[in-house]
Amino acid sequence: MRNRGRSLIALLGAMSVAILYLAVPTAGQRQASSAGTGARAAAPQKNYKAPRTPDGQPDMQGVWNFSTATPLERPSGLDKKDVFTQEEAEEFARSEADRLDHDKNKPADIVGNYNEFWYDGNKKVVGTRRTSLIVDPPDGRMPPLTQEAQKRADAIAAARKGVGRHEPTPGGFVEDLGPGGLQVRCIMGFNSGPPMTPGAYNQNVQLFQTKDQVVILNEMIHNARAVPLDSRPLANIPFWVGQSRGRWEGDTLVVETKKFKRETAFANGRTTSELHLVEKFTRTSPDTLMYEFTVNDPRVWTKPWTAQILMTLSDQPMYEYACHEGNYGLPGILGGGKARDEAAVKSSSR
């Protein structure tokens, strides 16, 4: 699932998805290794003017890395602290690296586990040194769930008590792989959303531009979103990643997305088809892109909320993300779940 092949064929495969949408050169693409790029995310520069495309638009093109040790939500114990000092940020990043090292060495369960050597362990808190990526509400945490969403979450938790993330719900099958099911089936990557959020690995996105559209190509599950830059109406067809329309507000690219098929891979599969997502992309320095998103799902949260992530321009191309669980791993995953269920029945009958 997380194989990043280094061959020329793999490189061409990853690039070809977006080229189908845009027959334009991608000069200026750069990418540093995933392990280091998040560490260089700098604070925005005041009065920075982004370079222009031949059409006069702010040039967003390139490969951008969004890895960071900054958590989406503010950790407990930091309720009144918006920003770390430099020393606190470095210590927090070290503790996150230690946690990832610990997670790599967890024993596999009956269904199996991944060889997690590719984890991005050299991540630092973003240049703003915020204690959370969420900037609104001011407490740095998601708003409360609606009653409907809380009941749904409680029911899932009860049905999956003691079950690993990539295991089927006891008694379940293809449609009941749990909150991680879309990733297990290689349908959507867990960090590609939309919206995009940092994870443990494969945290790159490539932007392509023409005068009339932008393509957002995520490394994970090599998903490409083609975004028209006009006011054409949305089709009455739901998509896994919704339907997006873009516009320029000064030097900021605004992408508004509706018409989702059901949940996305974001927030552990918590969102619904009612999600209304607004994403903003703004270059804030030669090597930094501010990515901001506002989530509004009235069936899940009691009010909208907003997060900001600093992405770093990379100096390497993206490589193929070869996800094969949906093709090869699913029989083993379901077989492991079946064996677990049978073992539980035998144990309870003694």
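Residues numbered from 1 in each chain as written. Predicted model: local features only at pLDDT ≥ 70, side-chain atom pairs only at ≥ 80, totals over all residues. Heavy atoms only, no water.

### What about the state of the cysteines?
Link 1 in the chain: A full pass over the atoms with the stated rule returns one disulfide.
Link 2 in the chain: The disulfide that involves Cys 186 links it to Cys 323, with 2.0 Å between the sulfurs. Between Cys 186 and Cys 323, the S-S dihedral sits near -80°, and the bridge is therefore left-handed. Of the two residues, Cys 186 is situated in the loop between helix 5 (181-184) and strand 4 (204-209) and Cys 323 in the loop between strand 12 (321-322) and helix 6 (325-348); the sequence distance between them amounts to 137 residues. Here Cys 186 and Cys 323 have matching classes, each one buried. (Disulfide = S-S within 2.5 Å. Helix = DSSP H or I, 4+ residues; strand = E, 2+ residues; numbered from the N terminus. Buried < 20%, exposed > 50% of the residue type's maximum accessible area, 1.4 Å probe, protein only.)

### As for the packing of aromatic side chains
Link 1 in the chain: The tally for this structure, following the rule as stated, stands at eight aromatic pairs.
Link 2 in the chain: Between Tyr 291 and Phe 293, the aromatic rings sit 5.7 Å apart at their centres with planes inclined by 45°, giving tilted as the arrangement.
Link 3 in the chain: Overall, Phe 293 belongs to the buried group, its relative accessible area being 0%.
Link 4 in the chain: An aromatic cluster of three or more residues is present, and its members are Phe 266, Phe 281, Tyr 291, Phe 293, Trp 301 and Trp 305.
Link 5 in the chain: A cation over a ring is seen here: Lys 261 above Trp 240, with NZ or CZ 5.7 Å from the ring centre. (Phe/Tyr/Trp six-rings, centres within 6.5 Å; stacked < 30°, edge-to-face > 60°. Lys NZ or Arg CZ within 6 Å of the ring centre and 35° of its normal.)

### Quick word on unusual backbone geometry
Link 1 in the chain: Of the consecutive residues Asp 136 and Pro 137, the connecting peptide bond is found in the cis state with omega at 10°.
Link 2 in the chain: Within the secondary structure, Pro 137 sits in the loop between strand 3 (134-136) and helix 4 (147-159).
Link 3 in the chain: The phi dihedral of Asn 202 is positive, around 50°, even though this residue is not glycine.
Link 4 in the chain: Structurally, the position occupied by Asn 202 is in the loop between helix 5 and strand 4.

### A closer look at the confidence of the model for the chain
Link 1 in the chain: Looking at the chain as a whole, the pLDDT averages 80, with 77% of positions reaching at least 70.
Link 2 in the chain: Per-residue pLDDT stays below 50 along residues 1-40; that stretch engages in 104 contacts with residues further than four places along the chain or on separate chains.
Link 3 in the chain: Contacts for the low-pLDDT stretch residues 107-112, under 50 throughout, to residues beyond four places or in other chains number twelve contacts. (pLDDT = per-residue confidence, 0-100. Contact = heavy atoms within 4.5 Å.)

### Details of the environment of Asp 251
Link 1 in the chain: Of note, Asp 251 is situated in the loop between strand 7 (243-249) and strand 8 (252-258).
Link 2 in the chain: In this structure, the C-alpha to C-alpha distance between Asp 251 and Asp 59, residues 192 residues apart in sequence, is 9.2 Å.
Link 3 in the chain: At a separation of 2.6 Å, a polar atom in the side chain of Asp 251 contacts the side chain of Arg 52. (Polar contact = N/O pair within 3.5 Å; in protein donor to acceptor, adjacent residues only side chain to side chain.)

### Quick word on the environment of Thr 302
Link 1 in the chain: Assignment of secondary structure puts Thr 302 in the loop between strand 10 (288-296) and strand 11 (305-313).
Link 2 in the chain: Residues Thr 302 and Gln 147, spaced 155 residues apart in sequence, show a C-alpha to C-alpha distance of 9.0 Å.
Link 3 in the chain: In this view, Thr 302 contacts Pro 143, Pro 144, Leu 145 and Thr 146; residues no more than four positions away in its chain are not counted.

### Overview of the pairing of strand 4
Look at any regular strand and the pattern is simple: side chains alternate between the two faces of the sheet.
Link 1 in the chain: With six of its six residues buried, strand 4 lies for the most part within the structure.
Link 2 in the chain: Burial along strand 4 is two-sided: Asn 204, Gln 206 and Phe 208 and Val 205, Leu 207 and Gln 209, pointing in opposite directions, are all buried.
Link 3 in the chain: In this structure, strand 4 lies alongside strand 5 (residues 213-218), joined through five bridges in antiparallel fashion. Residue pairing in the sheet places Leu 207 in a bridge with Ile 216 of strand 5.
Link 4 in the chain: Linking strand 4 to strand 5, which pair antiparallel, is a turn of three residues. (Pairing = 2+ DSSP bridges.)

### Re the environment of Arg 94
Link 1 in the chain: Mapped onto the elements of the fold, Arg 94 is located in helix 3 (residues 86-104).
Link 2 in the chain: Judged by its relative accessible area of 46%, Arg 94 is partly exposed.
Link 3 in the chain: Taking the C-alpha atoms as reference points, Arg 94 and Ala 69, separated by 25 residues in sequence, lie 8.9 Å from one another.

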